[in-house]
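# Per-entry structural report
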Amino acid sequence: MRLPPAIIGHTEEVLREILRFTGPADGTLSRYFRDHPKLGSRERGVVAEAVYGLLRNKAIYTSFAESGNGPTMRRMTLLGLADAVSIESLGGLSDEETEWLKRVAEINRELMPPLMRSNLPQWLFDKLVARDGEAATLELAHAMNQPAPLDLRVNSLKANREEVVATLAEAPILCVPTPYAPLGLRVIKKPTLQNLPLFKSGAIEVQDEGSQLLAQIVGAKRGEMVVDFCAGAGGKTLALGATMRNTGRLYAFDVSEKRLAKLKPRMARSGLSNIHPVLIAHENDGKVKRLAGKIDRVLVDAPCSGLGTLRRNPDVKWRQTPEAIAEMNTKQIAILSSAARLVKSGGRLVYGTCSLLDEENEAIAAQFLASHEDFSLVPMKDVLAEQKIALEMDDYLKLLPHKHQTDGFFAAVFVRK
């Protein structure tokens, strides 16, 4: 079925705004769709896919777009749309544009320069090549430029994995167990889940397998006092609450009222009553100080560059800057140091990011240990063995899309002596 020619105009209009990189692409898209309620769900899907296709391949597509005739922005738009649908199904193309798109599709991308093939900004490409070499960087970049699969976490308070697989199969939605996370499912294709009874009843939550593993290595137990220090919308909080079997006390701290508001309906669905959302002004808020030395386990899923999530948020690589990351490093060590005060003697502190960069990961862990003699590092291989997670790691958890099919995650585990 051919798409209406207006789709090209809509895609170009929203792309112009997104390519200014003044805010996250998903927010700009949502706002555009709200302002254009006449766009049907198929059209919205095509526009979104075209935008994300272009953001993933921006370096290559900019080069292609500059090689044709006519306005560059229109050609960029057409390349994004050709990523989302077949050229034949696009209405409103001239014969010349159709021919140009077919010629572009036949170009061998493997013959292009490495930087362009990586579709990464120069500063990030150089940084990764210096650390890992060109071949490994291109392998990582290729994995980052694929759309992420849809992962679910089964809420163990309401169902088990086998029951969920069987119920989804009736929908019919096919899924397979995730290789590492014991409650994870990877869905084949990307169906709409919101209206499924399983979703409405809180038996399943959408959560990347890497994020599930980060919650699992906290090792939260029944009856403990646990803090999720940067809870956000609460994906890991919910996983921790279920691990604790709805006992003990689980504090969800965050500086954003908006993010915590998103946690409340998810809590209601999940059936968890042991979670206490707490809005804090900053990492040194008095509410934090009151719990000093009382907490069994603290998770710090720190604010970071987000470069591990490029499969979902390809705009991040074009919006992020080395200067912003340097500022982030100061914030990361401040948050980790403040969260450490909560941990009681013998308690566990977990520092995690969804970043690929050493300066947000190993460097922060090393800096923390150097200034906190009362903490020591627990080698990740020991933590994984304790949690029966079949992953080969040394001191730290380092998850990568091309090796583990998860988002890029880092974690370090510390214990208070």
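Throughout what follows, the structure given in this document is the object of discussion. Residue indices begin from 1 for each chain and proceed along its sequence in written order. For a predicted model such as this one, the threshold for reporting local features is a pLDDT of at least 70, and the threshold for listing and counting side-chain atom pairs is 80 or more; totals across whole chains, interfaces and linings nevertheless cover every residue. Side-chain figures throughout are based on the complete set of non-hydrogen atoms in the structure, without hydrogens or water.

## A few points about the packing of aromatic side chains
Stacked, tilted and edge-to-face are the three classes applied to pairs of Phe, Tyr and Trp rings, where Trp contributes its six-membered ring and a pair requires centres within 6.5 Å; stacked means planes under 30 degrees apart, edge-to-face means over 60, and tilted covers the rest. Applying the stated criterion across every chain, the model contains 8 aromatic pairs. Ring geometry for Y32 against F33: centres 6.5 Å apart, planes inclined by 70°, an arrangement best described as edge-to-face. Grouping residues by exposure puts Y32 and F33 together as buried. Over a ring means this: the NZ of a Lys or the CZ of an Arg is within 6 Å of the ring centre and within 35 degrees of the ring normal. It is K58 that lies over the ring of W318; its NZ or CZ is 4.2 Å from the centre. One cation-aromatic arrangement involves R75 over W100; the distance from NZ or CZ to the ring centre is 5.9 Å. Exposure classes here rest on a 1.4 Å probe applied to the protein chains alone. A residue is buried below 20% of its type maximum, exposed above 50%, and partly exposed in between.

## Some points on the environment of L193
Along the chain, L193 turns up in the loop between β3 (184-187) and α11 (197-200). Using a relative accessible area of 5% as the deciding quantity, one classes L193 as buried. Whether two residues are in contact is decided by their heavy atoms, any of which lying within 4.5 Å being enough. With residues up to four places along the chain from it excluded, the contact list for L193 reads L150, L152, I173, F199 and V206. The way it works is that DSSP assigns letters per residue, a run of H or I at least four long becomes a helix, a run of E at least two long becomes a strand, and they are numbered from the N terminus.

## Observations concerning the packing of helix α3 (residues 41-56) against helix α5 (residues 72-84)
An axis is simply a line fitted to the C-alpha atoms; with a helix, the fit covers only the stretch in contact. Between two such axes, the angle follows the N-to-C directions and lies from 0 to 180 degrees. One way to put it is that α3 packs onto α5 with a least axis distance of 7 Å and a crossing angle of 110°. As the angle between them shows, α3 and α5 are arranged roughly perpendicular. Judged by the sense of rotation from one axis to the other, the crossing of α3 with α5 is right-handed. Contact with α3, carried on its side by V46, E49, A50, G53 and L54, involves M76, G80, L81, D83 and A84 of α5 and no other residues of that element. Class assignment of the residues belonging to the contact of α3 with α5 gives a composition of 6 nonpolar, 2 polar and 2 charged. Roughly parallel means an angle under 35 degrees; roughly antiparallel means over 145; roughly perpendicular covers 65 to 115; every other angle is labelled oblique. By the definition used in this description, the sense in which the near helix is turned from the far one sets the handedness, with an anticlockwise turn below a right angle giving left-handed and a clockwise turn giving right-handed. Following the grouping adopted for this structure description, the nonpolar residues are Ala, Val, Leu, Ile, Met, Phe, Trp, Tyr, Cys and Pro, the charged ones are Asp, Glu, Lys and Arg, and the polar ones are all others, Gly among them.

## Describing the sheet that holds strand β2 (residues 175-177)
If DSSP finds at least two bridges between two strands, the strands pair. Taken in spatial order, the 4 strands line up as β2-β3-β1-β4 in an open sheet, and their pairing is antiparallel. The sheet terminates laterally at β2 and β4 (204-206), the two strands that pair on one side only. Taken pair by pair, the neighbouring strands of this sheet meet at an average axis angle of 35°, ignoring direction. Direction of pairing for β2 relative to β3: antiparallel, over a ladder of 3 bridges. Each residue of the ladder has a partner; that of P177, found in β3, is L185. Contacts between helix α10 (residues 161-169) and the sheet are confined to β1 (150-154), β2, β3 and β4, with β3 contributing the most and set at about 20° to the helix.

## A word on the side chain of Q212
Among the secondary structure elements, Q212 is positioned in helix α12 (residues 209-216). With a relative accessible area of 6%, Q212 lands in the buried category. Residues within four places of Q212 in sequence aside, it is in contact with L152, R153, A181, L183, G184 and Q207.

## What about the nonpolar core?
Here, the term nonpolar core denotes a set of buried Ala, Val, Leu, Ile, Met, Phe, Trp, Tyr and Cys residues that are joined through side-chain atoms within 4.5 Å. In terms of nonpolar packing, the biggest core is built from 40 residues, with L19, L29, V51, L55 and L79 touching the most fellow members. Top element by residues in this core is α3. It accounts for 8 residues. The next biggest cluster of nonpolar side chains, apart from the first, holds 37 residues, and it includes A215, M244, L399 and A411.

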